[in-house]
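So the chains spell out like this:
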Amino acid sequence: GVAMFIKKNPHVSVKLHLVEKGNHVDEAKQLISSLGIEEITHWHQEMSLIEINEFYKKSDIILEQFGDHIMGGAGVFPLIMGRTVVCNGRKDILERIIPDRITYCHATNEEEISTWIMKLSTSKQLRKEIGENSRNYMLKNDGLPKEADFVINTFSKYFKELNK
C-alpha cells in the first residue's frame with residue numbers, strides 16, 4: 001500500500017520507519033527491495049516503548065498489522081496517544097469483543113492502505129478528527145492508567161473466541 005501510494009504521489013515526502021523485530025524481517029526487507037522503496041525505509045533495532053512512542057508523537061500516520069492477527073500494542077498505544085492508525089482491525093474479531101467501534105482506518109489490502117494514506121496525507125483535519133476520536137474512545141472505555149489492562153483484556157477475549 002505504501003509503495004502504491006508513492007507511485008501515485010511521487011511528490012509527497014514519505015518516511016517509513018520499521019523495527020527489526022519478529023520472524024519476517026528478511027522477508028520484509030526483500031519485499032521493500034522488490035517494491036523499490038528502500039530509499040524511504042529506515043530500519044531500527046528493537047526499541048523501548050518510550051523510544052517507539054517518540055516516533056508515534058512525530059508521525060502523521062501509523063501503519064500497524066495487516067496480517068491475520070489482531071492489533072497489538074503497536075496499534076493500541078498510538079490510539080491512546082490520539083494518533084491516526086491504519087490497520088487491518090480484524091472487524092470479524094474486534095467487533096465481537098469490544099462494545100463500541102474503536103476509531104482507526106480499516107484496511108485489508110494494498111489499495112485500501114494507499115487510499116487511506118492519500119486521504120490522511122491531504123487532510124490534517126481528518127487526521128486530527130480520527131486521532132481525537134481514538135483517544136476519546138480509549139479514555140472513555142479504559143483511561144490511560146488502565147491501558148495495559150485494556151490490551152490484556154482484549155487479547156484474553158480474542159483467545160477465548162479462538163478456542164470456541
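Now for a quick tour of the structure. The structure displayed is predicted, hence computed values, not measured ones.

Cut-off values and rules
Residues numbered from 1 in each chain as written. Predicted model: local features only at pLDDT ≥ 70, side-chain atom pairs only at ≥ 80, totals over all residues. Heavy atoms only, no water. Helix = DSSP H or I, 4+ residues; strand = E, 2+ residues; numbered from the N terminus. Contact = heavy atoms within 4.5 Å. Areas by Shrake-Rupley, 256 points an atom, 1.4 Å probe, with all protein chains shown as cover. Pairing = 2+ DSSP bridges. Right-handed = clockwise from strand over helix to strand, strands pointing away. 1 Å grid on protein atoms, 1.4 Å probe; cavity = no way out; pocket = protein on both sides within 12 Å on 5 of 7 lines; lining within 4 Å. Points joined across faces, edges and corners; volume = space filled by probe spheres on them. Nonpolar A, V, L, I, M, F, W, Y, C, P; charged D, E, K, R; others polar. Salt bridge = Lys/Arg side-chain N within 4 Å of Asp/Glu carboxyl O. Buried < 20%, exposed > 50% of the residue type's maximum accessible area, 1.4 Å probe, protein only. Phe/Tyr/Trp six-rings, centres within 6.5 Å; stacked < 30°, edge-to-face > 60°. Lys NZ or Arg CZ within 6 Å of the ring centre and 35° of its normal. Expected span 1.5 Å × (residues − 1). Arc of directions from axis to C-beta. Core = buried A, V, L, I, M, F, W, Y, C linked by side-chain atoms within 4.5 Å. Disulfide = S-S within 2.5 Å. Polar contact = N/O pair within 3.5 Å; in protein donor to acceptor, adjacent residues only side chain to side chain.

1. Brief notes about the overall build of the protein chain
No. 1: A count of helical and extended segments in the protein chain gives eight helices and five strands.
No. 2: Reading the protein chain from its N end, one meets helices and strands in the order α-β-α-β-α-β-α-β-α-β-α-α-α.
No. 3: Taking as baseline every contact in the protein chain between residues at least 6 positions apart, the subset at least 24 positions apart corresponds to 57%.
No. 4: When the accessible surface of the protein chain is split by element, carbon and sulfur atoms take 52% of a total near 10000 Å².

2. Looking at the sheet that holds strand β5 (residues 105-106)
No. 1: Reading across the sheet, the three strands line up as β3-β4-β5 and stay open at both edges, with parallel pairing between neighbours. Where the open sheet ends on each side, the last strands, each with one partner, are β3 (62-64) and β5.
No. 2: Pairing of β3 with strand β4 (residues 85-87) involves three bridges; the strand directions are parallel. What sits directly across from Leu63, in β4, is Val86.

3. Looking at the pairing of strand β1 (residues 16-19)
No. 1: Looking at chain direction, β1 and strand β2 (residues 41-44) are connected through four bridges and run parallel. Paired with Leu16 across the bridge in β2 is Thr41.
No. 2: Taken together, β1, helix α2 (residues 25-35) and β2 constitute a β-α-β crossover, and its handedness is right-handed.

4. Quick look at the layout of surface pockets
No. 1: In this structure, the second largest pocket spans a volume of roughly 160 Å³.
No. 2: Lining the second largest pocket, in full, are Asp60, Gly82, Arg83, Thr84, Lys124, Arg127, Lys128, Gly131, Glu132 and Arg135.
No. 3: Here the lining of the second largest pocket is built from residues that sort into no nonpolar, three polar and seven charged.

5. Focus: the pattern of salt bridges
No. 1: Counted according to the given criterion, the structure contains six salt bridges.
No. 2: The salt bridge partner of Lys21 is Glu46, with a shortest N-O separation of 3.8 Å. Of the two residues, Lys21 sits in the loop between β1 and α2 while Glu46 sits in the loop between β2 and α3 (49-58), which places them 25 residues apart along the sequence.
No. 3: Given the relative accessible area of 56%, Glu46 is considered exposed.
No. 4: Here Glu132 and Lys128 are joined by a salt bridge, their closest N and O atoms 4.0 Å apart.

6. Notes on the packing of aromatic side chains
Within a pair of aromatic rings, the relevant descriptors are the distance that separates the centres and the angle that separates the planes.
No. 1: One pass over the structure, following the stated rule, counts zero aromatic pairs.
No. 2: The residue whose ring lies beneath Lys29 is Trp43, and the NZ or CZ to ring-centre distance is 5.2 Å.
No. 3: Against the face of Phe55 rests Lys58, its NZ or CZ located 5.8 Å from the ring centre.

7. A few points about helix α6 (residues 110-121)
No. 1: Its 12 residues place the ends of α6 16 Å apart at the C-alpha level, agreeing with the 16 Å of an ideal helix rising 1.5 Å per residue.
No. 2: Within α6 the residues assigned to the buried category are Ile113, Ser114, Trp116, Ile117 and Leu120. Around the axis of α6, the buried residues are gathered within 160° of arc, so they sit on the same side.

8. Brief notes about the nonpolar core
No. 1: Of all hydrophobic cores here, the largest spans 16 residues; its most connected members are Ile37 and Trp116.
No. 2: Setting aside chain neighbours within four positions, we find Trp116 in contact with Val86, Cys105, His106, Ala107 and Ile130.
No. 3: Formed by 12 residues, the second largest nonpolar core is a distinct cluster that contains Tyr56, Val85, Tyr104 and Met138.

9. Focus on the state of the cysteines
No. 1: Per the stated rule, a full pass over the model turns up zero disulfides.
No. 2: The thiol of Cys87 is not disulfide-bonded; the next cysteine sulfur, from Cys105, is found 8.1 Å away.
No. 3: Taking the relative accessible area as the measure of exposure, Cys87 reaches 0% and is therefore buried.

10. Thoughts on the side chain of His44
No. 1: Relative to the helices and strands, His44 resides in strand β2.
No. 2: For His44, the side chain forms a polar contact with the side chain of His17, separated by 2.7 Å.
No. 3: When sequence neighbours within four positions are dropped, the list of residues in contact with His44 reads His17, Leu18, Val19, Glu20 and Phe55.

Remember that the coordinates give geometry; whether it matters functionally is a separate question.
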